[in-house]
Amino acid sequence: MAINTDKNVYTVVFAAVMVVIVGSVLALTASGLSDKIQENEKFEKQQNILYAMGVNGNVDEGSVNFIPANEVESEFTNYIKKQLVIEGDKVTEDSNAYLIDMKKQMSIASSGGTPKLPLFVGEKDNNKFYIIPMYGKGLWDAIWGFIAVDENMVVQGVYFDHKGETPGLGANIKQRYFMDDFTGESIMAGTRYKGINVAKGNNDPLNDRKDDNAVDALAGATITGNGVSAMISQTVNLYKGYLKTIRVK
């Protein structure tokens, strides 16, 4: 007997069968690629950490280029001398500290628990860098990054990224011209751990002032900029116990 394809029930059954088939194919594909996805995420974290301390493939004033994925593991081992985990007053070394989920740890901290905070000690050109991961909230979704400071708590570099900020506005936190402004700023205001404010109306377009704990905000991205400010401040506050032990002045 021929099937009447004009009936609504046929359309519903056909759609349901296709959903099951396509869903099964996608699930199998994701399962088969899970190891590759995890590997790429690992390389991306290593690239971001190295970028914050100035180890990158930048060749001009405007580009944002990372160490290639096929080189990043060896470069990470070369430049990152220690991976630390700070848990309250306890500091331990862990070669996989860079894989710690900062979103989860920030949630633990906000609920009054004791988070496990990763920190990376790097060396480049006889200079020591302390690279701290960050996680926060932008306008639409998560923002995150890394900030590298020296023993005087002066920023040596940053890297920011986002999940869903507006293209051409908040998404510009990962542009070179914005990230470079943070270099040379201090996370200290006198003896107080303050962080760095993304300030609207800062009136320092060339970012010549390095003693104001501030950089110029992005045009049309006030909420994202506020998110970056809050993220840095919260991070500095969480890590200040350890930072006090290494601060020279």
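1. A short note on the overall build of the protein chain
Looking only at helices and strands, one finds five helices and 10 strands in the protein chain. In the protein chain, which comprises 249 residues, the share counted as buried stands at 39%. Across the protein chain, every contact between residues at least 6 apart in sequence was considered, and the portion connecting residues at least 24 apart equals 56%. Of the roughly 13,800 Å² of accessible surface on the protein chain, 52% is carried by carbon and sulfur atoms.

2. Some details on the packing of aromatic side chains
Applying the stated criterion to the full structure yields seven aromatic pairs. With a centroid separation of 5.3 Å and 55 degrees between ring planes, the pair formed by Phe76 and Tyr98 is classed as tilted. With Phe76 in helix H2 (residues 69–79) and Tyr98 in the loop between strand S2 (90–93) and helix H3 (102–110), the pair connects residues that are 22 residues apart, well separated along the chain. With a relative accessible area of 4%, Phe76 lands in the buried category. Among the residues examined, Tyr98 registers a relative accessible area of 7% and is labelled buried.

3. A few points about the sheet that holds strand S6 (residues 155–162)
Strand order in this open sheet of six strands is S2-S1-S3-S4-S5-S6, and the pairing throughout is antiparallel. Bordering the open sheet on either side are S2 and S6, each of which pairs with just one other strand. Neighbour-to-neighbour, the strand axes of this sheet turn through a mean angle of 25 degrees, independent of strand direction. Taken together, the four bridges between strand S1 (residues 80–87) and S2 define a ladder with antiparallel strand orientation. When the sheet's bridge partners are listed, Glu87 is paired in S2 with Lys90. Helix-sheet contacts for H2 involve S1 and strand S3 (117–124), and the interaxial angle to S1 is about 75 degrees. Contacting S3 and strand S4 (127–137), H3 crosses the sheet at an angle of about 75 degrees to S4.

4. Thoughts on the environment of Ala214
As for its position among the elements, Ala214 is in strand S10 (residues 214–216). Classification of Ala214 as buried rests on a relative accessible area of 6%. Sequence separation between Ala214 and Asn197 is 17 residues; the distance between their C-alpha atoms is 4.5 Å. Residue contacts for Ala214: discarding those within four places in its chain leaves Glu185, Ile196, Asn197, Ala199, Asn202 and Asn207.

5. Section: the nonpolar core
The biggest cluster of nonpolar side chains holds 39 residues, and the ones touching the most others in it are Leu119, Ile147, Phe160, Phe182, Ile187 and Ile232. Looking at this core, the elements with two or more residues in it are S1, H3, S3, S4, strand S5 (142–149), S6, helix H4 (176–179) and helix H5 (222–246). The biggest single contributor to this core is H5, with eight residues. Residue contacts for Ile187: discarding those within four places in its chain leaves Ile147, Val149, Met153, Val155, Arg192, Tyr193, Lys194, Gly195, Ile196, Asn213, Val236 and Leu243.

6. Examining the pattern of salt bridges
Close approach of charged atoms allows side chains of opposite charge to pair. Taken as a whole, this structure holds five salt bridges when the rule is applied. Of the charged contacts, one joins Glu87 and Lys90 as a salt bridge, the two residues approaching to 3.9 Å between their closest N and O atoms. For Arg176, the salt bridge identified is with Asp180, shortest N-O distance 2.8 Å. Owing to a relative accessible area of 13%, Arg176 belongs among the buried residues under this scheme. On the accessibility criterion, Asp180 (37% relative accessible area) is partly exposed.

7. As for a nonpolar patch on the surface
On the surface, Leu139, Trp140 and Ile223 cluster together into a nonpolar patch covering about 320 Å² of accessible area. Assessed through its relative accessible area of 55%, Trp140 is described here as exposed.

8. Details of the environment of Gln234
Inspection of the secondary structure puts Gln234 in helix H5. For the pair Gln234 and Gly136, spaced 98 residues apart in the sequence, the C-alpha separation amounts to 8.7 Å.

9. Notes on the pairing of S1
Where S1 lies against S3, six bridges are found, and the strand directions are antiparallel. Directly across from Ile80, in S3, lies its bridge partner Gly122. Counted along the chain from S1 to the antiparallel partner S2, the turn is two residues long, and its residue Gly88 has a positive phi close to 65 degrees.

Conventions used here
- Residues numbered from 1 in each chain as written.
- Predicted model: local features only at pLDDT ≥ 70, side-chain atom pairs only at ≥ 80, totals over all residues.
- Heavy atoms only, no water.
- Helix = DSSP H or I, 4+ residues; strand = E, 2+ residues; numbered from the N terminus.
- Buried < 20%, exposed > 50% of the residue type's maximum accessible area, 1.4 Å probe, protein only.
- Contact = heavy atoms within 4.5 Å.
- Areas by Shrake-Rupley, 256 points an atom, 1.4 Å probe, with all protein chains shown as cover.
- Phe/Tyr/Trp six-rings, centres within 6.5 Å; stacked < 30°, edge-to-face > 60°.
- Pairing = 2+ DSSP bridges.
- Axes fitted to C-alpha atoms, helices over the stretch in contact; angles between N-to-C directions.
- Core = buried A, V, L, I, M, F, W, Y, C linked by side-chain atoms within 4.5 Å.
- Salt bridge = Lys/Arg side-chain N within 4 Å of Asp/Glu carboxyl O.
- Patch = residues over 30% accessible without salt bridge, like charges linked within 9 Å, V, L, I, M, F, W, Y side chains within 5 Å.

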